[in-house]
Amino acid sequence: MSIKASIQARIQERVEATTVAALLGLPEPVVRRLAGPPVVLDGQTLAPDVQLMLRLQTMARKAGIETLPIPDGRLATGEQSRIVGGRQPVGSVRDLQVAGMAARLYVPTDAPEPGPLLVFFHGGGFFVGDLESHDPACRFLAEQSGVRVLAVDYRLAPEHPFPAAYDDALAAYRWVVDHAVDLDADPARLAVGGDSAGGNLSAGVAMEAARTGLPLAFQLLIYPATDNVRDTRSAELFAKGFFLTDEFMAIATSSYLGDLDPLDPRVSPLRADLPAGLAPALVVTAGFDPLRDEGEAYARALEEAGVPVELRRFPDQIHSFFNIVGVGRSSRAANLEIARRLRDALRP
């Protein structure tokens, strides 16, 4: 892309961001009218601002990420995240290397020294997403929770198929344990977390920590991918029209796994034999998300294994609401609740 085209694209992106923020920020009755008739499925009603956001995407004829070549899908992922993420304040941000991987440390304004730290793995189906796509969400989570967030840029498929992302996540967490003092982190208050594919990786790291005796105080699993079979009611109900589609998930699986066993517990944590000593968990799901039921099944499996676990479903939200912190009301409110629960878990 030429410099001129790049500038024009950024200007267009800012115009779109301003427009979306203005429309979703209108009084709630107006948003309800603009969104159209309520969407009710499985006894749940989609949040009007989320419904309007989806409608605006349709009206703008935005191509789904799954319909684009992977390099273009990665660019589109970043663009979408910036539009809905906005500019989020945080105490400080520092780029660094973690076990040879690019990483970004977000330090909240009121962070104690030493203090708790969350190692964060981004979502994106293992083939899109990076530090930039989740920058607004990580800024928001860190500042609102008062917990340091260290986001790790693991390798992506199809260039780096399974188990590359899994191995990177383990290497990153081991590095953090060894360098906690350098990060002003309290080794007794380390946590791991992520959204979607990142939730999958976080669950794997938590299991390995329990097996090997690595310190881990908490796991934050935001609509985690836990089972590649996906024969659930939510996978059927919400396969189209709610951002995450069955086509996207098919590309994610083929890119990351190829012909390998989809039930390998390293990629399907729900199929794993859960080890003793797993860290307490908060499992977050969205009502209008194909991954809803498998995430909730994993929460039940943790509970049956004796792990302290809290399941929180946001029934009016869609997959990827974690990134929507700069526009609308309902998604930001849900993320604020997640941040407060993280704070309660690590800063009692």
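Calculation criteria
Residues numbered from 1 in each chain as written. Predicted model: local features only at pLDDT ≥ 70, side-chain atom pairs only at ≥ 80, totals over all residues. Heavy atoms only, no water. Helix = DSSP H or I, 4+ residues; strand = E, 2+ residues; numbered from the N terminus. Expected span 1.5 Å × (residues − 1). Buried < 20%, exposed > 50% of the residue type's maximum accessible area, 1.4 Å probe, protein only. Core = buried A, V, L, I, M, F, W, Y, C linked by side-chain atoms within 4.5 Å. Contact = heavy atoms within 4.5 Å. Pairing = 2+ DSSP bridges. Axes fitted to C-alpha atoms, helices over the stretch in contact; angles between N-to-C directions. Parallel < 35°, antiparallel > 145°, perpendicular 65-115°, else oblique. Left-handed = near helix turned anticlockwise from the far one by under 90°. Nonpolar A, V, L, I, M, F, W, Y, C, P; charged D, E, K, R; others polar. Phe/Tyr/Trp six-rings, centres within 6.5 Å; stacked < 30°, edge-to-face > 60°. Right-handed = clockwise from strand over helix to strand, strands pointing away.

1. Observations concerning helix 11 (residues 330-346)
Moving on, step 1. Over its 17 residues, helix 11 runs 25 Å from end to end, which matches the ideal 24 Å to within 8%, given 1.5 Å per residue.
Moving on, step 2. All of the buried residues along helix 11 are Ser-330, Ser-331, Ala-334, Asn-335, Ile-338, Ala-339, Leu-342 and Leu-346.

2. Quick word on the nonpolar core
Moving on, step 1. Counting residues in each nonpolar core, the largest one holds 51 residues, and the members touching the most others are Leu-117, Phe-121, Leu-150 and Leu-183.
Moving on, step 2. Here this core gets eight residues from one element, more than from any other, and that element is helix 6 (residues 164-178).
Moving on, step 3. Every residue in contact with Leu-150, bar those within four places of it in the chain, is listed here: Leu-96, Val-98, Ala-103, Arg-104, Leu-105, Leu-117, Leu-118, Val-119, Phe-120, Val-176 and Leu-183.
Moving on, step 4. The next biggest cluster of nonpolar side chains, apart from the first, holds 48 residues, and it includes Tyr-106, Phe-120, Leu-141 and Ile-324.

3. Things to note about the sheet that holds strand 4 (residues 101-107)
Moving on, step 1. Strand order across the open sheet formed by eight strands is 3-4-6-5-7-8-9-10, with mixed pairing between neighbours. The two strands at the open ends of the sheet, each matched to only one other strand, are strand 3 (92-98) and strand 10 (309-318). For this sheet, the mean inter-axis angle between neighbouring strands, taken without regard to orientation, is 20 degrees.
Moving on, step 2. Two elements, strand 4 and strand 6 (residues 148-152), share four bridges in a ladder whose sense is antiparallel. By the bridge assignment for strand 6, Ala-103 is matched with Val-152.

4. Looking at the environment of Val-20
Moving on, step 1. For Val-20, the location among the structural elements is in helix 1 (residues 3-24).
Moving on, step 2. In this structure, Val-20 is in contact with Leu-56, Ile-83 and Val-327, ignoring residues within four places of it in sequence.

5. A word on the packing of helix 5 (residues 135-145) against helix 11
Moving on, step 1. Two elements in contact, helix 5 and helix 11, have axes separated by 8 Å at closest approach and are oriented at 50 degrees. Taken together, helix 5 and helix 11 sit at an angle that is classed as oblique. Considering the relative orientation of helix 5 and helix 11, their crossing is right-handed. When helix 5 is examined against helix 11, the residues Phe-140, Leu-141, Gln-144 and Ser-145 are found in contact with a partner set consisting of Arg-332, Asn-335, Leu-336, Ile-338, Ala-339, Leu-342 and Arg-343.
Moving on, step 2. Partitioned by chemical class, the residues of the contact of helix 5 with helix 11 number six nonpolar, three polar and two charged.

6. Side note on the packing of aromatic side chains
Moving on, step 1. Taken as a whole and judged by the stated rule, the model has nine aromatic pairs.
Moving on, step 2. An angle of 10 degrees between the planes, with centres 4.0 Å apart, marks the rings of Phe-126 and Tyr-256 as stacked. Taken together, the positions of Phe-126 in the loop between strand 5 (115-121) and helix 5 and Tyr-256 in helix 9 (residues 246-256) put the pair 130 residues apart, joining distant regions of the chain.
Moving on, step 3. Their ring planes at 85 degrees and their centres at 5.5 Å tell us that Phe-162 and Tyr-256 sit as a pair that is edge-to-face. Of this pair, Phe-162 sits in the loop between strand 6 and helix 6 while Tyr-256 sits in helix 9, and the two are 94 residues apart along the sequence.
Moving on, step 4. Classification of Tyr-256 by relative accessible area gives buried; the value is 2%.

7. A word on the packing of helix 2 (residues 28-35) against helix 3 (residues 48-59)
The axes of two packed helices give the description: the angle between them and the distance between them.
Moving on, step 1. Running from amino to carboxyl end, helix 2 crosses helix 3 at an angle of 40 degrees, the nearest separation of the two axes being 8 Å. The pairing of helix 2 with helix 3 is recorded here as oblique in orientation. Regarding helix 2 and helix 3, the two cross each other, and that crossing is left-handed. From helix 2, Val-31, Arg-32, Leu-34 and Ala-35 reach across to helix 3, where they touch Pro-48, Asp-49, Gln-51, Leu-52 and Arg-55.

8. A closer look at the pairing of strand 5
Moving on, step 1. Among the seven residues of strand 5, seven are classified as buried, and the element is accordingly described as predominantly covered.
Moving on, step 2. When strand 5 meets strand 7 (residues 185-195), the two strands line up parallel, connected through six bridges. Within the sheet, the bridge partner assigned to Val-119 lies in strand 7 and is Val-192.
Moving on, step 3. Sheet topology places strand 5 next to strand 6; five bridges connect them, and they run parallel. Considered in strand 6, the bridge of Phe-121 is made with Val-152.
Moving on, step 4. In this fold, strand 5 hands off to helix 5, which returns the chain to strand 6; that crossover is right-handed.

9. Re the side chain of Glu-296
Moving on, step 1. Residue position: Glu-296 is located in helix 10 (residues 292-304).
Moving on, step 2. Here Glu-296 is in contact with Thr-285, Leu-311 and Arg-313, once residues within four sequence places are set aside.

10. A few points about the side chain of Gln-317
Moving on, step 1. Checked against the element boundaries, Gln-317 lands in strand 10.
Moving on, step 2. Note on Gln-317: relative accessible area 0%, which makes it buried.
Moving on, step 3. Leave out the neighbours within four places in its chain, and Gln-317 touches Ala-47, Val-50, Ala-286, Gly-287, Phe-288, Ser-330 and Ser-331.

11. A few points about the pairing of strand 8 (residues 218-222)
Moving on, step 1. Strand 8 sits mainly inside the fold: five of its five residues count as buried.
Moving on, step 2. Neither face of strand 8 is exposed, since Phe-218, Leu-220 and Ile-222 on one face and Gln-219 and Leu-221 on the opposite face are all buried.
Moving on, step 3. As paired elements, strand 7 and strand 8 share five bridges and run parallel to each other. Within strand 8, the position partnered with Ala-191 by the bridge is Phe-218.
Moving on, step 4. With helix 7 (residues 197-212) bridging strand 7 and the parallel strand 8, this β-α-β connection has right-handed handedness.
Moving on, step 5. One ladder, built from four bridges, connects strand 8 with strand 9 (residues 281-288); its direction is parallel. Paired with Leu-221 across the strands is Val-283, a residue of strand 9.

Structural measurements only, silent on function.
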